Amino acid sequence: MTSLALYSPPRAPKGPESVIIVGGGLAGLFCALKLAPKAVTVLAAAPIGRGASSAWAQAGIAAAVGPGDTIESHVTDTIIAGDGIVDEAIIRTMAKEASGRIHDLLDYGVPFDRDLEGHLSVSREAAHSQNRIVRVRGDMAGRAIMEALVAAVRKTPSIRVLEGYVVEDLIAENGQVTGVVARDKAGSGAEPHRITGSNVVMATGGIGHLYEVTTNPTEARGGGIGMAARAGARMADMEFVQFHPTAINVGKDPAPLATEALRGHGATLHNKAGERFMLPLHPDAELAPRDVVARGIFAEIRAGRGAGLDCRTAVHDFASEFPTVFGYCQAAGIDPAREMIPVIPAAHYFMGGIWTDVNGRTSLPGFWACGECTSTGAHGANRLASNSLLEAVVFSARIAEALKAEIGPDAPATWQDGSVTTTEYLTENDHPNMVALRQVMSAHLGVLRDGAGMREALDTILQLARDSHSVRFDNVITTAKLIAVCALNRIESRGGHFRTDYPEEQAEWKRRTLLTLEQADAIIPDLLED
Ligand code: SIN
């Protein structure tokens, strides 16, 4: 928690007491819109909608809205994918409210694909037993959703957007979270602002950039999660990182994604010798759960055999069916109609994060969280494809409802000063220790893990934390430390957490991990001794 004496008086524009939302991605903006006409301040490091993983989502939103599909079937598929530790009440709420939130998005102007009769079109992805993915123009869902929400936010007078503001810390008074400490001008040089409000909602996204190969934007490095942990919030399931099997392996950072929908369409995986290596590994081959496919590809790459996605017969008109992937391929000089797309597993989604209840409430009064920075329990150990955007809209809407009931009615707010934008944005990989951190996370806390490697990683992370000298890096390294502690502590393999020294699931570990930073720190000496 920050020491208030260090900070200058508030310089942020004055206005009605607002709910402060940290993060300009899907969860943050949807929450802001749902709170209207209550006063809201959205703080975002980059222009809203940019720097958010949601904008890069290719597939779409899972919702049981297609013919023959049911909420129960969506619940069951999610529970199976989550490998034993999905919170059933949470996923049932999420599946039930999916249709309502899709209609909200339609109202905000999202042009979801429809069939000839005007019904929403739904498509299939791995581990879904039904066609259930609501999409936009093939693989454009994330971009289209964010464009619609950004436009709606800009038109809503009760929402003030402060762009180019990097939030570094939470402010608490008498145990209640009442605001944040933020810097503008790319978070360096300028004096910090204290921005206070009635409540704070964290919506800062995931952690992909803690790894060398990731599909996430550079902002996704766990800063908000670490900030919450440092403030004493309860965290959950921090060991579970999802690696997407098929990032395009052309040495780009972030790595462009080749959507799972390609395999849903029949694309197959092959090594350099042409062998379809997933066939002997799982009865569903390329459509096996994501963690299984990621390990299959990882093994081929490690053995020097490489991995490629063959879309040549599965996709007929690449440019119109998968325009985003086609664009990535063209930029890399790959013609997917003639050659395989080289692929590699990449850090893609974080099942862990800030623990919340079914209304997005964290363990700290006045502090709420939604989207990928949370761990609601909906995903268990392995997220089912296209459930992440759904989780973001369902729980951000629930936060808005709960907050409206809690704060009570007030006059519709209008900000006189509107949006404030700085021209300098956060530049990433800025801290000198970021490169070393990404290396050690990838080497020992990636697709395959073992005790000796994770101990080495934790040791390195503790050293990097001692050398931090930066609040922002403290937040990032705290998240990395919690991942290492929780991964080392879980003595089994489950979902995204695969230990070569304990490759089986263990019944006694069929439970979620819930802990505070203080509790994690207390077990480190024992973990390092083993
Ligand atoms: C993909 O399009 O493969 C990603 C979908 C998701 O992560 O839910």
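Preceding block: the structure.
Rules and cut-offs
- Residues numbered from 1 in each chain as written.
- Predicted model: local features only at pLDDT ≥ 70, side-chain atom pairs only at ≥ 80, totals over all residues.
- Heavy atoms only, no water.
- Pairing = 2+ DSSP bridges.
- Helix = DSSP H or I, 4+ residues; strand = E, 2+ residues; numbered from the N terminus.
- Axes fitted to C-alpha atoms, helices over the stretch in contact; angles between N-to-C directions.
- Core = buried A, V, L, I, M, F, W, Y, C linked by side-chain atoms within 4.5 Å.
- Buried < 20%, exposed > 50% of the residue type's maximum accessible area, 1.4 Å probe, protein only.
- Contact = heavy atoms within 4.5 Å.
- Salt bridge = Lys/Arg side-chain N within 4 Å of Asp/Glu carboxyl O.
- Phe/Tyr/Trp six-rings, centres within 6.5 Å; stacked < 30°, edge-to-face > 60°.
- Lys NZ or Arg CZ within 6 Å of the ring centre and 35° of its normal.
- Expected span 1.5 Å × (residues − 1).
- Near = heavy atom within 4 Å.
- Polar contact = N/O pair within 3.5 Å; in protein donor to acceptor, adjacent residues only side chain to side chain.
- Areas by Shrake-Rupley, 256 points an atom, 1.4 Å probe, with all protein chains shown as cover.
- Nonpolar A, V, L, I, M, F, W, Y, C, P; charged D, E, K, R; others polar.

Draft legend 1. Examining the sheet that holds strand 12 (residues 241–248) more closely. One open sheet holds the four strands; their spatial order is 12-15-14-13, and the pairing between them is antiparallel. Strands with a single pairing partner mark the edges of an open sheet, and in this sheet they are strand 12 and strand 13 (268–270). With direction set aside, neighbouring strand axes in the sheet form an average angle of 45 degrees. Two elements, strand 12 and strand 15 (residues 341–350), share six bridges in a ladder whose sense is antiparallel. In the strand pairing of strand 15, A247 is matched with I344.

Draft legend 2. The arrangement of the nonpolar core in detail. In this structure, L210, Y211, F367 and L437 are the most contacted members of the largest nonpolar core, which totals 62 residues. The residues touching F367, leaving out its near neighbours within four places in the chain, are L170, V177, V200, M202, A228, A233, I354, R361 and T362. Of all hydrophobic cores here, the second largest spans 61 residues; its members include V86, F112, A378 and V394.

Draft legend 3. Representation of the pattern of salt bridges within the structure. Applying the stated rule across the entire model yields 28 salt bridges. One salt bridge in this structure joins R92 and E88, with 3.3 Å as the shortest N-O distance. Of the two residues, R92 and E88 both sit in helix 4 (residues 88–107), four residues apart, roughly one turn of that helix. With a shortest N-O distance of 3.0 Å, R312 and D310 are connected by a salt bridge. In this structure D310 comes out as buried when scored by relative accessible area, which is 14%. Where salt bridges share partners, they join E239, R490, E492, R494 and E505 into one cluster.

Draft legend 4. Broad picture of the packing of aromatic side chains. This structure, assessed with the given rule, holds four aromatic pairs. Where Y211 meets F243, the ring centres are 5.4 Å apart and the plane angle is 90 degrees; that geometry is what we call edge-to-face. Of this pair, Y211 sits in the loop between strand 10 (199–202) and helix 6 (223–230) while F243 sits in strand 12, and the two are 32 residues apart along the sequence. The buried category is assigned to Y211, whose relative accessible area is 2%. Joined through ring pairs, the aromatic side chains of F318, F322 and F326 make up one cluster. Seen from the ring of W355, R234 lies directly overhead, with NZ or CZ sitting 4.7 Å from the centre. The ring of Y349 has R383 sitting right over it, with the charged end atom 4.2 Å from the ring centre.

Draft legend 5. Seen up close, helix 8 (residues 290–302). For helix 8, built from 13 residues, the straight-helix expectation of 18 Å at 1.5 Å per residue is met to within 8% by its first-to-last C-alpha distance of 18 Å. Among all positions of helix 8, only R290, D291, V292, V293, A294, G296, I297 and E300 are buried. Downstream of helix 8 by a residue or two, G304 has a phi angle that is positive, lying close to 80 degrees.

Draft legend 6. How the structure looks around the site of the ligand. Within the structure, the ligand sits among A59, E125, H244, L257, T259, E260, R290, H348, R383, A385 and S386. At 2.6 Å, a backbone N or O of E260 approaches an oxygen atom of the ligand. Measuring from an oxygen atom of the ligand, one finds a side-chain N or O atom of R383 at 2.7 Å. About the coverage of the ligand: the protein hides 94% of its 260 Å² of free accessible area. Taken together, the residues of the shell around the ligand break down into three nonpolar, four polar and four charged.

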